[in-house]
Structures are given as C-alpha cells and as structure tokens.
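# Inside the fold
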Amino acid sequence: MNSKIMKVATIYSTMTGRLKGEDVKETVRKLGDIAGIFEDQNAVKTMDMDMLAYRVESHHPVDEGKSGGLFFGTSYLQAGKVGSEYFMTKGHFHSNRDTAEYYWCISGQGCLLLMDEEGEVTAESMEEGSLHYIPGNIAHRIANTGDSELVVGACWPSDAGHDYGTIAESGFSYRLFDVDGVPTLRKG
Ligand code: M6P
Ligand code: ZN
C-alpha cells in the first residue's frame, strides 16, 4: 500500500462551479456557433457573432465512450436574447439513448427543457440549489431567463455521447420566449 495521502490534481469550487487542474477541458460556444438554433434569424443577423454564448468546463478522468465511468462539468450560459427568445444551449439527446444525467443550478435563473423522442416537452425552472434528474431517452437544453450568468453543474456517464444531429434537424418542439418579462413556452 502507498501510505502517503495524495493531494488531488483537480479542484472544484462548490460556490462557483469552477473546475481547475488535471483532465479539465473547456468548450467555448460563441453566438456564431449556435446562431441556427434561434427562431428569429433576422435578429441573429444584427448581433455580434463573436459574442460569448456559453462555456463548459468539464472533467474527463476516463476516455469518452468508456462504460462505467462518469464525466462532470459546469456550464456558464450568458444572459441575453435573440429577439425575445432567451439564450440557450444547443441541447442534445445522448447517443447511447438510455443514459441519464444530473443537472443542478449553482447560480442564476433559468429553465431546463426536456423532450422525449415523440417531441413531448416538459420544463423545469432552475434557481440556486434546484436539482434536475434527466432520465434516459430525453433531450435536454437550458435557457437563461435571468439578467445574470446561469451556472449549471452536470454529471453524466462517460459512454452517453452527444447526439446533436437530431436536434439540429428537428429542434425542440417548444421554445422559450420573454413575453412581457415572463418566460413563456411557445410551440415551434
Ligand atoms: C452540460 C452537459 C454536457 C454538455 C453541456 C452543454 O455540462 O450536459 O454534456 O455538453 O452541458 O450542453 P450542450 O452540449 O447541449 O451544448
Ligand atoms: Zn447530456
């Protein structure tokens, strides 16, 4: 036995969600990278495509695709709207469909959109401390409905994979708009 108590190589801030150290990757999504997901394409044209939409820090202790492992991450979604539609993530099904995920809200105000393969949508409001269990076979996307950054933690199986193609083709069947200051779901 190695009797030495080891210092871990990765640090997580429970306050801010910040991940630092070994096996941490960062993914940056600028508005230009996700412009196609928004309904109002005329509004998109007037906006700065270089603007940050969201960032994900994630911890990958095992290779993508390994069964039995876990990944852990934090998403930082900026406040903003395209027309009256709130900034949101691309959203995805898992490639390996029957794999679940946890999301939890660290700070900010938001909404989690959940959609099954028949296009049935449910939505859960997100606020500091809210815990969201996303079952297998359910696509998931978050939208920032507040005035500050929405920070969301996540933990998912390392063999889940991301299927963005299905969402890119048919989208979510409901979108989230600011209607007189109230987050409102609309079909389309
Ligand atoms: C969470 C997890 C990640 C995901 C990220 C951004 O951190 O679900 O797997 O990549 O959110 O969401 P998306 O990939 O839909 O842009
Ligand atoms: Zn996922």
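Provided above is the structure to which this section pertains.
Think of each chain on its own: its residues are numbered from 1, step by step along the sequence as written. Throughout, the order in which chains and ligands are written sets their labels, letters from A for the former and numbers from 1 for the latter. The model is predicted, so local features are restricted to residues of pLDDT at least 70 and side-chain atom pairs to those at 80 or more, both for listing and for counting; the totals for chains, interfaces and linings are taken over all residues. Where side-chain values are given, they derive from all heavy atoms of the structure, hydrogens and water being excluded.

Quick look at the pairing of strand β4 (residues 52–59) now. By the criterion of burial, β4 is predominantly enclosed, with seven of the eight residues buried. Sheet topology places strand β3 (residues 24–30) next to β4; seven bridges connect them, and they run antiparallel. If you follow K25 over to β4, its bridge partner there is S58. When DSSP locates at least two bridges between a pair of strands, those strands are taken to pair. Only DSSP runs of H or I with at least four residues qualify as helices, and only runs of E with at least two residues qualify as strands; both kinds are numbered from the N terminus onward. Where β4 lies against strand β5 (residues 70–77), six bridges are found, and the strand directions are antiparallel. Opposite R55, over in β5, you have Y76 as the bridge partner. Note on exposure labels: buried denotes an accessible area under 20% of the residue type's maximum, exposed denotes more than 50%, and partly exposed covers the range between, all computed with a 1.4 Å probe on protein chains only.

We define proximity as follows: a residue is near a molecule or strand when any one of its heavy atoms falls within 4 Å of that partner. Contacts to ligand 1 come from 13 residues, most closely from Y54, E101, Y103, H162 and Y164. Y103 is positioned with one of its side-chain polar atoms (N or O) 2.8 Å from an oxygen atom of ligand 1. When isolated, ligand 1 has an accessible area of 370 Å², and the protein chains bury 94% of it. When contributions to the shell around ligand 1 are tallied by element, the ones reaching two or more residues are β4, β8 (101–107) and β13 (150–157). Polarity classes work like this: nonpolar for Ala, Val, Leu, Ile, Met, Phe, Trp, Tyr, Cys and Pro, charged for Asp, Glu, Lys and Arg, and polar for all others, with Gly in that last group. Grouping the constituent residues of the shell around ligand 1 by class yields six nonpolar, five polar and two charged. What qualifies as a polar contact is a pair of N or O atoms within 3.5 Å, subject to a donor-acceptor requirement within protein and to the restriction that residues adjacent in sequence count only when both atoms come from side chains. We get accessible surface area from the Shrake-Rupley algorithm with a probe of 1.4 Å; when it comes to residues, only the shown protein chains can shield them.

Next up on the list: the side chain of S130. As for its placement among the helices and strands, S130 is situated in the loop between β10 (121–126) and β11 (131–134). In this description, contact between two residues means that some pair of their heavy atoms is separated by no more than 4.5 Å. Contacts of S130, omitting those with residues within four sequence positions, involve Y103, W104, C105 and S125.

Our focus in this paragraph is the side chain of E85. Residue position: E85 is located in strand β7 (residues 85–86). Relative accessible area serves as the criterion here: at 0%, E85 is assigned to the buried category. In terms of polar contacts, E85 uses its side chain to reach the backbone amide nitrogen of E39, at 2.8 Å. The residues touching E85, leaving out its near neighbours within four places in the chain, are F38, E39, G80, R175, L176 and F177.

Between the rings of Phe, Tyr and Trp (Trp by its six-membered ring), a pair exists once the centres lie within 6.5 Å; its type follows the angle of the planes, with under 30 degrees stacked, over 60 edge-to-face, and the other angles tilted. Enumeration over the complete set of coordinates arrives at five aromatic pairs. Measuring from centroid to centroid gives 6.0 Å for F71 and W156, while their planes differ by 70°, and the two rings are edge-to-face. Placement of the pair is F71 in strand β5 and W156 in strand β13, with a sequence separation of 85 residues. Here the two residues F71 and W156 agree in accessibility, since each one is buried. By the ring-pair criterion, three or more aromatic residues cluster together here, those being Y12, F72 and W104. Remark: a charge is flagged as sitting over a ring if the NZ atom of Lys or the CZ atom of Arg is within 6 Å of the ring centre and within 35 degrees of the ring normal. The ring of Y164 has R29 lying over it, and the distance from NZ or CZ to the ring centre is 5.8 Å. Taking NZ or CZ as reference, R55 lies 4.5 Å from the ring centre of Y76, over its face.

It is worth spelling out the nonpolar core at this point. Here, the term nonpolar core denotes a set of buried Ala, Val, Leu, Ile, Met, Phe, Trp, Tyr and Cys residues that are joined through side-chain atoms within 4.5 Å. Within the largest apolar cluster, 39 residues are counted, with the highest numbers of intra-cluster contacts made by F38, Y103 and I142. For this core, the element with the highest residue contribution is strand β9 (residues 110–115), accounting for five residues. Apart from the residues within four sequence positions on either side, Y103 is in contact with H92, L112, M126, S130, L131, H132, I134, H140, I142, V152, G153 and A154.

This part is about the sheet that holds β9. Taken together, three strands build an open sheet; the order of strands is β10-β9-β12 and the sheet is antiparallel. Strand pairing shows two members of the sheet lacking a second neighbour, β10 and β12 (139–144), which therefore form its edges. Neighbour-to-neighbour, the strand axes of the sheet open up by a mean angle of 20°, direction not taken into account. As judged from the six bridges shared by β9 and β10, these two strands associate in the antiparallel manner. Across the sheet, residue L114 finds its bridge partner in β10, namely T122. Helix axes use the C-alpha atoms of the stretch in contact, all axes being lines fitted to C-alpha atoms, and the angles between their N-to-C directions lie in the range 0 to 180 degrees.

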